[in-house]
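Remarks on the overall topology
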Amino acid sequence: MAFDAVRGQPAAVDVLTRALASGRVAHAYAFVGPPGVGRKLTAKAFAKALLCPLTLPLPGGERGSGTGHEAGSCPTCRRVEAGIHPDYMLIAPTPPEGKTSGTLLIRIEAIRQLEQRAALCPAEGAWKVFIVDDAGRMTAEAPQAFLKTLEEPPARTVIILILAHTRELPATVLSRCQVVRFMPLHEEEAVALLEARGMDEGTARLLARASQGRPGLALAQDPAAWLERRELALSILADVGADGATAVFKWGETLGRDRAQMEQLIETWWLWYRDLLCAKAGGDPRVLIHGDRAAELTRDAAARSWDSIVGGLAACREAWQALQRNVTPRLTLEVMLSRLALRTA
Ligand SMILES: [Zn+2]
């Protein structure tokens, strides 16, 4: 079946399966949901189902026989997967032209390229499929250019926009798309998926919980690196508890330049304080994200006041917001750790 590889998204799969079965395929879809839950995987599976001569639905409800086709195993599907099928295009955010670093954005040139290719007839199959990953990262002028294609969609063209929140795109664009919602996976589904990718049960459960039902995020990182980062995050907390301001400025100096790492650390602290709150409330250890550190959490929670834990969560949240508003990672970290140091003093 077309969506066999998609886990934990029954509503989305149902909508798309019915579109394929009836041949009533929308010109544009918005796949909306958090990263790491299978939006792109589903979009590619949908593209294969539309482009593969063995399964393709034709306008009017006719369809290919489907015999001999295992999703993803035939030459057409493999070319879609590799991004070399002439009727398929995947657009993702890129750095500024001529640079390898810099802000990743969907640039107007890419949208123009999409428009040009959409205007052509399908080269091989019955459809042309365009996926725009991270569509919320369009530059200011890109949605406007895009709107023309959406308002007068070329025949047999399917455009799939992938985004986290509907607010990332202007309503004028979104109103021309069929919105398909994607949800975080249930813990057991995420654990099974991670185990199927070769993780042992303990690591799979830890990362399924830490990624909060977004196994794609867990797969995108090396489990060992994740565990190392947690050790670093906890050792910083211990340092700040012991040495106060000296430790705050030492870590600001050491870590203050890397925004991505800072986001990950803040998320780690956030989840740790969340667990402290659970432990303080006497919650079932099975609801802890860092379940492998339950004893330490229980001790730490007992030694802290409610105010200290709730204040820690607030400090994490505000640090996260500061980073999103482009405050420097160093200042963000120093303010946050100072607040935590005051709380533990
Ligand atoms: Zn195929």
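Shown above is the structure to which this text applies.
Residues numbered from 1 in each chain as written. Predicted model: local features only at pLDDT ≥ 70, side-chain atom pairs only at ≥ 80, totals over all residues. Heavy atoms only, no water.

**A few points about the sheet that holds strand β5 (residues 178-181)**
Read across the open sheet, the five strands follow the order β2-β3-β4-β1-β5; overall the sheet is parallel. Looking at strand neighbours, the two that pair on one side only are β2 (88-91) and β5, the edges of this open sheet. Averaged over all pairs of adjacent strands, the angle between strand axes in this sheet comes to 15°, irrespective of strand direction. Where β2 and strand β3 (residues 128-132) come together, four bridges link them in parallel fashion. Paired with L90 across the two strands is I131, which belongs to β3. (Pairing = 2+ DSSP bridges. Helix = DSSP H or I, 4+ residues; strand = E, 2+ residues; numbered from the N terminus. Axes fitted to C-alpha atoms, helices over the stretch in contact; angles between N-to-C directions.)

**Some thoughts on the nonpolar core**
One finds Y29, F31, F46 and I160 to be the most contacted residues of the largest nonpolar core, which totals 45 residues. Among the elements of the structure, α1 (10-22), β1 (28-32), α2 (39-51), β3, β4 (157-163), α7 (187-196) and α8 (201-210) are those that each provide at least two residues to this core. The dominant element in this core, judged by the number of residues it contributes, is α2, at seven residues. Taken domain by domain, this core gets at least three of its residues from each of domain 1 (10-183) and domain 2 (221-344). Formed by 33 residues, the second largest nonpolar core is a distinct cluster that contains L234, I236, I266 and I309. (Core = buried A, V, L, I, M, F, W, Y, C linked by side-chain atoms within 4.5 Å. Buried < 20%, exposed > 50% of the residue type's maximum accessible area, 1.4 Å probe, protein only. Domains from an automatic or database assignment.)

**Considering the side chain of T149**
Structurally, T149 is set in helix α5 (residues 142-151). Apart from residues lying up to four places away in sequence, T149 is in contact with L114, E115, P154 and I159. (Contact = heavy atoms within 4.5 Å.)

**Things to note about the pairing of β1**
Of all five residues in β1, five are buried; the element is thus mostly enclosed. Of the two faces of β1, the one lined by A28, A30 and V32 and the one lined by Y29 and F31 are each fully buried. Sheet analysis places β1 next to β4, joined by five bridges and oriented parallel. Residue pairing across strands places Y29 opposite I160, the latter belonging to β4. In terms of strand pairing, β1 meets β5 through four bridges, oriented parallel. In the strand pairing of β5, F31 is matched with V180.

**Structural notes on the pattern of salt bridges**
Using the criterion set out here, one finds 22 salt bridges in the structure. Here D14 and R18 are joined by a salt bridge, their closest N and O atoms 3.1 Å apart. With D14 and R18 both in helix α1 and four residues apart, the pair spans about one turn of that helix. Judged by its relative accessible area of 39%, D14 falls in the partly exposed class. (Salt bridge = Lys/Arg side-chain N within 4 Å of Asp/Glu carboxyl O.)

**Thoughts on unusual backbone geometry**
One non-glycine residue, Q212, lies in the positive phi region at around 50°. Tracing the chain through its elements places Q212 in the loop between α8 and α9 (215-219). With a phi angle near 70°, N326 is a residue other than glycine that sits in the positive phi range. Checked against the element boundaries, N326 lands in the loop between α14 (306-324) and α15 (329-344). Look at N326 and you get exposed, because its relative accessible area is 59%.

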